[in-house]
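Residue-level listing of the chains:
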Amino acid sequence: MNVQKVGIVGAGTMGQGLAAAIAGKGIDVILLDRSEQELERAKLGLELSLDHRLAKWGITEAEKKSILSRIVLGTNLSLLRDCEVVIETIWENLEEKTDLLLAIEQEVGPEALVASNTSTLSITELAVQTAHPERVIGLHFHFPVEQRNLVEVVRGLKTSERTAEAAFRFLEGLGKQAVQVFESPGFITTRLMLPLINEAVLIYAEGVATAEDIDKAMKHGYGFHIGPLELADRFGLDAVVDMLDALFHETMEPRYRPAAYLRKLVRGGQLGTKARQGFFQYDEWGERV
């Protein structure tokens, strides 16, 4: 698949990261959201993120300008008509995602790849109401996109071999490592990581160890790049609760029942890096302080 234009619907943190990473590969990007206010936030977020990479010598000023020049922001789904790939990155809500996929399908060409970046929801259930469920697939990117090479390629019940092959070729062009997953709640990474995060929260809430020492134990004891509590902060603690709730509802497995302390932090507005406070404190760039 020779991809020249990619549509991303949902201009939040993940959508911004995807847009910058894809545009950085020389591909034009259409980044959409529901309102001009959301797009203004996305524009500022992109600028700040690229400035941060620039300050750390991750990109040059010319590369920053090139990336921004390839990203077109808008609110109208008709902008997706020439896209070979469209990825939705909105909140983990089955009904909203399904409605969005139906709307996307009305705009894109018959050969376009239609993907969801969901981390917990059923691709089969998302695709079943579309006219062409065979071309719907899950592409579970991991944040921050430019630093995380892994993408889970999630096949629903009716996802075709052609669609899966096109997805793998697209990801190869982005320089990503793709793994194939036949649909299961939580796929691979979410299913393994969420119980670990939940247990780390329980250990912390019981006063067994500090947040710093829990993360240090996993980083230095098991070679984790980032500890489970900081990872939860970077996911967003509200997102972690939502993902755990979704998996618990789907499987009724007690290991996915969100820890009470996790809900307490969310109720208190300590949502992680986006609020600058979770299990740890963060600056405006999302760096630990």
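Quick notes on the rules
- Residues numbered from 1 in each chain as written.
- Predicted model: local features only at pLDDT ≥ 70, side-chain atom pairs only at ≥ 80, totals over all residues.
- Heavy atoms only, no water.
- UniProt positions renumbered as here; feature names shortened; annotations may be inferred.
- Buried < 20%, exposed > 50% of the residue type's maximum accessible area, 1.4 Å probe, protein only.
- Helix = DSSP H or I, 4+ residues; strand = E, 2+ residues; numbered from the N terminus.
- Pairing = 2+ DSSP bridges.
- Right-handed = clockwise from strand over helix to strand, strands pointing away.
- Expected span 1.5 Å × (residues − 1).
- Arc of directions from axis to C-beta.
- Contact = heavy atoms within 4.5 Å.
- Axes fitted to C-alpha atoms, helices over the stretch in contact; angles between N-to-C directions.
- Parallel < 35°, antiparallel > 145°, perpendicular 65-115°, else oblique.
- Left-handed = near helix turned anticlockwise from the far one by under 90°.
- Nonpolar A, V, L, I, M, F, W, Y, C, P; charged D, E, K, R; others polar.
- Core = buried A, V, L, I, M, F, W, Y, C linked by side-chain atoms within 4.5 Å.
- Domains from an automatic or database assignment.
- Buried area = accessible area lost by both parts, 1.4 Å probe.

The name that an unreviewed UniProt entry assigns to the protein is 3-hydroxybutyryl-CoA dehydrogenase, with the source organism given as Tumebacillus flagellatus. A UniProt comment under Sequence similarities (unreviewed entry) is attached to the protein, and it reads "Belongs to the 3-hydroxyacyl-CoA dehydrogenase family." Looking at the Pathway (unreviewed entry) heading of the UniProt record, one finds this comment for the protein: "Lipid metabolism; butanoate metabolism."

A. Geometry of the pairing of strand E4 (residues 85-88). With burial as the criterion, each face of E4 is covered, one bearing Val85 and Ile87 and the other bearing Val86 and Glu88. Sheet topology note: the strand E1 (residues 5-9)/E4 ladder contains 4 bridges and is parallel. Bridge assignment links Val6 to a residue of E4, and that residue is Val85. Summarising the sheet, E4 and strand E5 (residues 113-116) pair through 4 bridges and their orientation is parallel. Directly across from Ile87, in E5, lies its bridge partner Ala115. Traced from E4 through helix H4 (residues 94-107) to E5, the parallel crossover comes out right-handed.

B. Quick look at H4. Helix length check: H4, at 14 residues, gives a terminal C-alpha distance of 20 Å against a target of 20 Å (1.5 Å per residue), a fit within 8%. Along H4, the positions that sit buried rather than exposed are Lys97, Thr98, Leu100, Leu101, Ile104 and Glu105. One side of H4 carries all its buried residues, which in axial view fall inside an arc of 165°. In H4, the exposed positions that point more than 90 degrees away from the buried face belong to Glu95 and Gln106. Residues of H4 that are buried in the fold lie against E1, E4, E5, helix H5 (123-127) and strand E6 (136-141).

C. Region of the structure containing the packing of helix H7 (residues 189-205) against helix H8 (residues 211-222). Interhelical geometry of H7 versus H8 gives an angle of 140° and a closest axis separation of 10 Å. Overall, the two elements H7 and H8 adopt an arrangement that is oblique. For H7 against H8, the interelement crossing comes out right-handed. Each of Leu196, Ala200, Ile203 and Tyr204 in H7 lies in contact with H8, whose residues at this interface are Ala211, Ile214 and Met218. Along the lines of polarity and charge, the residues of the contact of H7 with H8 split into 7 nonpolar, no polar and no charged.

D. Structural context of the nonpolar core. Residues Val6, Ile22, Ile87, Leu139, Phe141 and Phe170 are the most contacted members of the largest nonpolar core, which totals 36 residues. Among the elements that line this core, the one with the most residues is helix H1 (residues 13-23), at 7 residues. The residues contacting Ile22, other than those within four sequence positions of it, are Val6, Ile8, Ile27, Val29, Ile87, Phe170 and Leu174. Ranked by size, the runner-up nonpolar core spans 24 residues in total, among them Leu229, Val240, Met243 and Phe248.

E. View of the UniProt feature "site: Important for catalytic activity" (unreviewed entry) in the protein. In the numbering used here, UniProt assigns the "site: Important for catalytic activity" (unreviewed entry) feature to His140. Relative to the helices and strands, His140 is located in strand E6. For His140, the contacting residues outside a window of four places in its chain are Asn117, Thr118, Ser119, Leu150, Val151, Glu152, Phe187, Thr189 and Thr190.

F. Structural context of the UniProt feature "binding site: CoA" (unreviewed entry) in the protein. The positions UniProt marks with the feature "binding site: CoA" (unreviewed entry) are Ser49, Lys56 and Ser119. Across 71 residues of sequence, these annotated residues are also dispersed in space, with a maximum C-alpha separation of 29.7 Å. Locating Ser49 in the fold gives a position in helix H2 (residues 36-55). For Ser49, a relative accessible area of 35% gives the class partly exposed. You can see Ser119 is positioned in the loop between E5 and H5. Every residue in contact with Ser119, bar those within four places of it in the chain, is listed here: Glu92, His140, Gly186, Phe187, Thr190 and Met243.

G. Examining the domain arrangement of the protein more closely. Splitting the protein by domain gives domain 1 (5-182) and domain 2 (188-275). Using C-alpha coordinates to define each centre, domain 1 is positioned 26 Å away from domain 2. If you look at the interface, domain 1 gives 10 residues, while domain 2 gives 11 residues. For the pair domain 1 and domain 2, the summed buried surface comes to about 860 Å²; carbon and sulfur atoms form 59% of the total.

H. Structural context of the sheet that holds E4. A sheet is described by the order of its strands in space; here 8 strands give the open sequence E3-E2-E1-E4-E5-E6-E7-E8, paired in mixed fashion. Strands at the two margins of the open sheet, each flanked by one partner only, are strand E3 (71-74) and strand E8 (177-182). Along the sheet, successive strands turn relative to each other by an average axial angle of 25°, direction set aside. In the sheet, strand E2 (residues 28-32) pairs with E3 via 4 bridges, with the strands oriented parallel. Within E3, the residue paired with Val29 across the bridge is Ile71. Running at roughly 160° to E4, H4 makes contact with E1, E4, E5 and E6 of the sheet.

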